[in-house]
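# Tertiary structure, described
Listed below, chain by chain, are the residues.
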Amino acid sequence: DRTTRADVQEGTIGVSAMGKEVEVREGEGTIVKQGMPPAQPSRLLPQPAPADLKSRYAALPVTIELARVEGALQYRAALTRDRDGRDIAAEKILAPGEAFQTADLQDGTYFLHLRSIDEQGLEGLEGEPSVVQVLLEQPPAPQPVPETPQPPERSVGEAILAIIFVIAAILIMM
């Protein structure tokens, strides 16, 4: 697929190919196929919203459903360690109805960046990332097994002496 895609989140850009230039404004995108002029700009899809974001995730995998966006053929979901989205912990392209899921996380604060993808492959508007707090519950520490009391160890001499006392007690009682 020799197609170049341009989406504009802020400002305006000019895209030119094959002697034709189009102005792409904020919130619009265009594509340029090899050997063709740029397509007329179209509106970018809105950012999908997480449908079931929890305040804290205590177990893995972290699973997040997305609300559907009309016109979206796919979604990009990225869980990052920074608000700007540069330090990616997990990233996936999802089909409509597919949940974002990842199990490779440590305790910490993450940021969920979501974008809709239209039929041309243009990624939709970016918005503020959602905060995802992961604080995994640790299994309880194993409890030590109590030792069963053992009779005290005796030396051979102590054992013989005990036997003698038992015999003497028996003889006295006769």
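One can find the structure itself at the top, above this paragraph.
In short, a report on the structure. (Residues numbered from 1 in each chain as written. Predicted model: local features only at pLDDT ≥ 70, side-chain atom pairs only at ≥ 80, totals over all residues. Heavy atoms only, no water.)

Strands in a sheet are paired, the pairing made by backbone hydrogen bonds, and the direction either parallel or antiparallel. Reading across the sheet, the 4 strands line up as E8-E7-E10-E11 and stay open at both edges, with antiparallel pairing between neighbours. The sheet is open, and its two edges are formed by strand E8 (88–94) and strand E11 (130–134), each paired on a single side. Direction aside, neighbouring strands of the sheet carry axes that sit 20° apart on average. (Pairing = 2+ DSSP bridges. Helix = DSSP H or I, 4+ residues; strand = E, 2+ residues; numbered from the N terminus. Axes fitted to C-alpha atoms, helices over the stretch in contact; angles between N-to-C directions.)

Turning next to the environment of Ile117. Following the sequence through the fold, Ile117 ends up in strand E10 (residues 108–117). Residue classification places Ile117 among the buried residues on the basis of a relative accessible area of 7%. Separated by 45 residues in the primary sequence, Ile117 and Ala72 place their C-alpha atoms 5.3 Å from one another. Setting aside its immediate chain neighbours within four residues, Ile117 contacts Leu45, Gly71, Ala72, Leu73, Gln74, Tyr75, Arg76, Ile93, Leu122 and Glu123. (Buried < 20%, exposed > 50% of the residue type's maximum accessible area, 1.4 Å probe, protein only. Contact = heavy atoms within 4.5 Å.)

As a further point, take the packing of aromatic side chains. The tally for this structure, following the rule as stated, stands at 0 aromatic pairs. Residue placement shows Lys92 over the ring face of Phe100; its charged tip is 5.9 Å from the ring centre. (Phe/Tyr/Trp six-rings, centres within 6.5 Å; stacked < 30°, edge-to-face > 60°. Lys NZ or Arg CZ within 6 Å of the ring centre and 35° of its normal.)

With that settled, the discussion passes to the sheet that holds strand E1 (residues 3–7). Reading across from one edge, E1-E4-E5 is the order of the 3 strands in this open sheet, with antiparallel pairing throughout. The sheet terminates laterally at E1 and strand E5 (42–43), the two strands that pair on one side only. The pairing of strand E4 (residues 28–33) with E5 spans 2 bridges and is antiparallel. Bridge pairing links Glu28 to Arg43 in E5.

Right, let's get into the pattern of salt bridges. Under the criterion given, the structure shown has 10 salt bridges. Across the pair Asp87 and Arg81 runs a salt bridge whose closest N-O atoms are separated by 3.0 Å. According to the relative accessible area criterion, Asp87 is partly exposed, its value standing at 37%. Residues Arg115 and Glu123 are paired through a salt bridge, measuring 3.6 Å at the closest nitrogen-oxygen approach. Across the pair, exposure class does not vary: Arg115 and Glu123 are buried alike. It is possible to trace a salt-bridge network through shared partners that takes in Asp7, Arg76, Glu91, Arg115, Glu123 and Glu126. (Salt bridge = Lys/Arg side-chain N within 4 Å of Asp/Glu carboxyl O.)

Glancing now at the pairing of E4. When you tally the buried positions in E4, you get 5 out of 6 residues, the bulk of the element. Alignment of E1 against E4, held across 5 bridges, turns out to be antiparallel. Within E4, the residue paired with Thr3 across the bridge is Lys33.

Structural measurements only, silent on function.
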